[in-house]
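Working through the structure, step by step
Below, each chain spelled out in residue letters.
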Amino acid sequence: MNIFFQQVLNGLTLGSVYSLVALGLTLVYGILHIPNFAHGAFFMVGAYISFYVAGDLGANFWVAMIVSAAAVAVMAMISERLIFHPLRNSPALHDMIAAIGLLLFLEAVVQAIWGADFHRLPAPYTTILRFADLTAPAQRVLIIGAAIVLMIGLQIFLRRTTTGSTIVATAQNREGAALVGISPLKVSLLTFAISGALAAVAATLFAPINLIYPAMGHLVILKAFVIIILGGMGSIPGAIVGGMVIGFAESFGAFYISNNYKDIIAFVLLVFILSLRPQGLFPSEVR
Amino acid sequence: MRVDYRMEYVFYGILLLAAVAFPFFATNEYQVYVMALAFIWAISAMGLNLIAGYTGQLNLAHAGFMAIGAYTVGLLTVDYGVPFWLAFLLAGPIAAVVGFFAGILSLRLKTHFFSIFTLCVGYIIYLLIEKGDSFTHGPVGVIGIPAPSIGPLVFDTTTSVYFLVLAFLVLTIWVMRRLVRSIVGRSFVAIRNSDDLAEALGINLMRTKVLAFTLSTFIAGLSGGLFAGFVRFLGPDLAREYHTFDLIAFVLVGGIGTLMGPVLGAVALTWVTQSLQFLENYRMIVFGPMLILLVMFFPHGIIGTFGIWMARRRANAGKRSNTQAVLPSRSGEEARANA
């Protein structure tokens, strides 16, 4: 029972992190209609900033998370202004290549500052919660809780506030949104800021149970892509459900099939599902 | 149009002469080595250009197929004692067979979905090579691949392999030139320009795309086989996505959808990277922004920009002599497709 519960907990933890990363990616896709390959680099930079603020400056874990979210949000906004906005009328291939250029640049900068070594962010809460014969490390519970709060918050922001609705409106119909007076400029900046902040928060939450290194974003971003394809590009519920599906598939696959091949599961799942359903599991509401 | 062809042959002749003369003017062997490696990447980039540039489907698993070709040669020669050339003959076909099945699955998807799907295919290839210890040597890699030889002629010096690689490069360029000017090549371009229009013209979309994909993976496998014979050491990293990104950069710098673009791009960028070598691990700090600036201000690459300039000049000359008016942008597109 406990072993099974641990796998569920593991799946939820992984799923939460993947969902947060995929949410940012899917929001940007809804607005820009490009897969942002640099999103994994935002994730990685977020982890390093938290590591710096919490480690070298000795700040509290939550302070570090907020600083990192703000810093990556600003970075994402700058990249929108300098790179993606000027390229908005070019073929999609050019956006993708520019994003790859940004990815290479950010990785190289991080490596220049902190080196290629592995770092570790100390966990803020090291207690282990017990309930009957079930045990759960506090950090994992924290990740799941924070992710759920963020997802609900984001959903309320997008559905219930005017500012949030402008994002949904622009994703649904760019011209229509502009006609009713929504500034596409503000919306893109806002979307990039949210997506960057989500990536940084996900990275900060994940960092204590994982390692920090320049290439840490690669696998996460690849999986986030798998998730938004499965969930339907631009679809928010799809990103959450997709994240959980991959998280659970990985944690159970690692335990019941093979730990060695756990990273391949997400990709095989995608190949398998897309072979049967080329439109994805949940064809998106926004296209 | 006759004049154009003659100019083109002169251009090819000069390039070939320069390539043949290069080892005799190189100041050290390392330069020849770098150039031969650039040629191998150029062959691979031409394969990617066929699917991404001519057919308009950005395949992000290209390095994976190159690795399949390379591992075909590496594993067959080292583990099974198969002669190099026999293994080399199999490199292209095996990559193409895998490519055929991957193509059937992935080409049902369009645009970004296709790109991301192939990104995953590439990653699966990488993970299978890295984790399949017993069969692929895993992370240790394949060591001690024999040098290619024909009878008593052994290609074990850098210069001799350079000429071998050059021969394959010339062969690939020739085949590619024939291909893109044939009716098949034109149907690839038709698909790039518009799926719907191509279908309306009676082109079987799926069959044509799968053909382009299979041919492109065949070339990837071939270049991988050469890579195995030249570097004689293989690691699973060859299949990683950043090698595909390098190849995309080659294609883009030279000119996407042009015949010689990938070759010029591979050679130019290899030397730029070499000259940034003093920056060691930090060279990406320069390379990344360079890539971004390139797609912003120079999106057609070296050959593409030249083609548009030539077309505009021809159009202006045409206007002056009051023959039929040609829109500069339209003929630019054509020049890009023909170059």
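Thresholds applied
- Positions within a chain are numbered from 1, following the residues in the order the chain's sequence is written.
- All chains are assigned letters beginning with A, and all ligands numbers beginning with 1, in the order in which they are written.
- The model is predicted, so local features are restricted to residues of pLDDT at least 70 and side-chain atom pairs to those at 80 or more, both for listing and for counting; the totals for chains, interfaces and linings are taken over all residues.
- Hydrogen atoms and water are omitted, and side-chain values are computed over all heavy atoms in the structure.
- The convention used is that axes are lines fitted to C-alpha atoms, helices contributing only their stretch in contact, and that angles between N-to-C directions extend from 0 to 180 degrees.
- Labels follow the DSSP assignment, with helices taken as runs of H or I lasting at least four residues and strands as runs of E lasting at least two, numbered in each case from the N terminus.
- Just so you know how the angles are binned, under 35 degrees is roughly parallel, over 145 roughly antiparallel, 65 to 115 roughly perpendicular, and the rest oblique.
- Two helices cross in a left-handed way if the nearer one is turned anticlockwise from the farther one by less than a right angle. They cross in a right-handed way if the turn is clockwise.
- Any two residues whose heavy atoms approach within 4.5 Å are treated as being in contact.
- Under the grouping applied here, Gly and all other residues not named as nonpolar or charged are polar, the nonpolar ones being Ala, Val, Leu, Ile, Met, Phe, Trp, Tyr, Cys and Pro and the charged ones Asp, Glu, Lys and Arg.
- Here, nonpolar core refers to any group of buried Ala, Val, Leu, Ile, Met, Phe, Trp, Tyr and Cys residues whose side-chain atoms link them within 4.5 Å.
- Buried residues are those whose accessible area, probed at 1.4 Å on protein chains only, stays under 20% of the maximum for their type, while exposed residues exceed 50% and partly exposed ones sit between those limits.
- UniProt positions are given in the numbering used here, feature names are shortened, and annotations may be inferred rather than shown by experiment.
- Accessible area that two parts lose when put together, evaluated with a 1.4 Å probe and summed over both, is termed the buried area.
- Any carboxyl oxygen of Asp or Glu that lies within 4 Å of a side-chain nitrogen of Lys or Arg is treated as forming a salt bridge with it.
- Nitrogen and oxygen atoms within 3.5 Å of one another constitute a polar contact, given that in protein one can donate a hydrogen and the other can accept it, and given that sequence-neighbouring residues count only through two side-chain atoms.
- The pairing test for Phe, Tyr and Trp rings, Trp by its six-membered ring, is centres within 6.5 Å, and the orientation test on the planes gives stacked under 30 degrees, edge-to-face over 60, and tilted for anything in between.
- Two conditions define a charge located above a ring, namely a distance within 6 Å from the ring centre to NZ of Lys or CZ of Arg, and an angle within 35 degrees of the ring normal.
- Boundaries between domains were set according to an automatic or database domain assignment.
- Patches were defined on residues exceeding 30% relative accessible area and lacking a salt bridge, with like-charge contacts within 9 Å and nonpolar side-chain contacts (Val, Leu, Ile, Met, Phe, Trp, Tyr) within 5 Å.
- Surface accessibility follows the Shrake-Rupley procedure with a 1.4 Å probe radius. Residue values consider only the protein chains on display as shielding.
- In a helix, the anticipated span is given by 1.5 Å times the number of residues less one.
- Being paired, for any two strands, means DSSP has found at least two bridges between them.

1. Focus: the packing of helix α3 (residues 62-80) of chain B against helix α10 (residues 205-231) of chain B
Residue and element names in this part refer to chain B. One way to put it is that α3 packs onto α10 with a least axis distance of 7 Å and a crossing angle of 50 degrees. Between α3 and α10, the angle is such that the two are oblique. For the pair α3 and α10, the crossing hand works out as right-handed. Residues His 62, Phe 65, Met 66, Gly 69, Ala 70, Val 73 and Gly 74 of α3 form the contact with α10, whose own contacting residues are Phe 213, Ser 216, Thr 217, Ala 220, Gly 221, Ser 223, Gly 224, Gly 225, Phe 227 and Ala 228. Classifying every residue of the contact of α3 with α10 by side-chain character gives 8 nonpolar, 9 polar and no charged.

2. Notes on the nonpolar core
Judged by nonpolar contacts, the single largest core of 194 residues is most densely connected at A:Phe43, B:Phe39, B:Tyr162, B:Leu169 and B:Leu234. With 16 residues, the top contributor of residues to this core is helix α2 (residues 29-54) of chain B. In contact with B:Phe39, not counting residues within four places along its chain, are B:Ala19, B:Tyr162, B:Val165, B:Leu166, B:Leu169 and B:Val267. Counting residues in hydrophobic clusters, the runner-up holds 5 residues, among them B:Ala190, B:Ile191, B:Ala198 and B:Ile203.

3. Remarks on the UniProt feature "transmembrane region" (unreviewed entry) in chain A
Summarizing the sequence annotation, UniProt attributes the feature "transmembrane region" (unreviewed entry) to residues 12-32, 61-84, 96-116, 136-158, 179-205 and 264-282 of chain A in the numbering used throughout. For residues 61-84 of chain A, the end-to-end C-alpha separation is 32 Å, with 100% helix and 0% strand making up the annotated structure.

4. Section: the interface of chain A and chain B
Accessible area lost during the coming together of the parts is what is often quoted as the interface size. Contacts between the two partners involve 45 residues from chain A, matched on the other side by 36 residues from chain B. For the pairing of chain A and chain B, the buried interface totals around 3700 Å² over both sides, and the portion due to carbon and sulfur atoms is 83%. Counting across the chain A and chain B interface gives 0 salt bridges. If you look at where chain A meets chain B, you find 1 residue pair in polar contact (both at pLDDT 80 or more).

5. A short note on the packing of aromatic side chains
All names here are of chain B. Tallied over the entire structure, the rule returns 29 aromatic pairs over all chains. Each ring, one from Phe 114 and one from Phe 213, has its centre 6.1 Å from the other, and the planes form 80 degrees; the classification is edge-to-face. Placement of Phe 114 in helix α5 (residues 111-131) and of Phe 213 in helix α10 is noted, with a sequence separation of 99 residues between them. A single burial state applies to Phe 114 and to Phe 213, both of which are buried. With a centroid separation of 5.4 Å and an interplanar angle of 85 degrees, the aromatic rings of Tyr 162 and Phe 163 are classed as edge-to-face. Take Phe 163: its relative accessible area is 27%, and that puts it in the partly exposed class. One aromatic cluster in this structure is built from Phe 22, Phe 24, Phe 39, Tyr 162, Phe 163 and Trp 271. The ring of Tyr 126 carries the charged tip of Arg 240 above its face, separated from the ring centre by 4.8 Å.

6. Details of unusual backbone geometry
Residue and element names in this part refer to chain B. The phi dihedral of His 137 falls on the positive side, at around 70 degrees, and the residue is not glycine. Within the element layout of this structure, His 137 appears in the loop between α6 (133-136) and β1 (142-143). Classification of His 137 by relative accessible area gives partly exposed; the value is 25%. Non-glycine residue Arg 232 carries a positive phi angle of around 65 degrees.

7. Looking at the domain arrangement of chain B
Residue and element names in this part refer to chain B. Entries for chain B in the domain assignment read domain 1 (22-292) and domain 2 (300-339). Centre-to-centre separation of domain 1 and domain 2, based on C-alpha positions: 31 Å. Every contact between the two is made by 16 residues of domain 1 and, on the other side, 9 residues of domain 2. Interface of domain 1 and domain 2: buried area, both sides summed, is about 880 Å²; carbon and sulfur atoms make up 52% of it. At the junction of domain 1 with domain 2, the criterion picks out 0 salt bridges.

8. Brief notes about a nonpolar patch on the surface
Residues and elements named next belong to chain A. On the surface, Ile 3, Phe 4, Phe 255, Tyr 256 and Ile 257 cluster together to form a nonpolar patch covering roughly 580 Å² of accessible area. Broken down by secondary-structure element, the contributors of at least two residues to the nonpolar patch are α1 (2-32) and α10 (236-256). Looking at where Phe 255 falls in the secondary structure, it is placed in helix α10.

9. Section: the environment of A:Ala123
Residue and element names in this part refer to chain A. Residue placement: Ala 123 occurs in the loop between α4 (92-114) and β1 (128-131). In this structure Ala 123 comes out as partly exposed when scored by relative accessible area, which is 29%. Sequence separation of Ala 123 and Ala 207 is 84 residues, and the distance between their C-alpha atoms is 8.3 Å.

10. Thoughts on helix α11 (residues 262-276) of chain A
Helix length check: α11(A) (15 residues) gives 22 Å between terminal C-alpha atoms against 21 Å at 1.5 Å per residue, within 8%. Looking at the buried side of α11(A), the elements it contacts are α9 (217-231) and α10 of chain A together with α4 (84-106) and α5 of chain B.

11. Quick notes on the pairing of strand β2 (residues 134-137) of chain A
All names here are of chain A. As defined by bridge partners, β1 adjoins β2 across 4 bridges and the pair is classed as antiparallel. Directly across from Arg 130, in β2, lies its bridge partner Thr 135. Here β1 hands over to β2 after 2 residues, with Ala 132 in that stretch at a positive phi of 55 degrees.

12. Observations regarding the pattern of salt bridges
Side-chain pairing between opposite charges can occur once the charged atoms of the two side chains come close. One pass over the structure, following the stated rule, counts 4 salt bridges over all chains. With its nearest N and O atoms 3.4 Å apart, the salt bridge here joins A:Arg81 to A:Glu80. Overall, A:Arg81 belongs to the partly exposed group, its relative accessible area being 31%. Between B:Glu241 and B:Arg240 there is a salt bridge; the shortest N-O distance is 3.1 Å. The class for B:Arg240 is buried, based on a relative accessible area of 12%.

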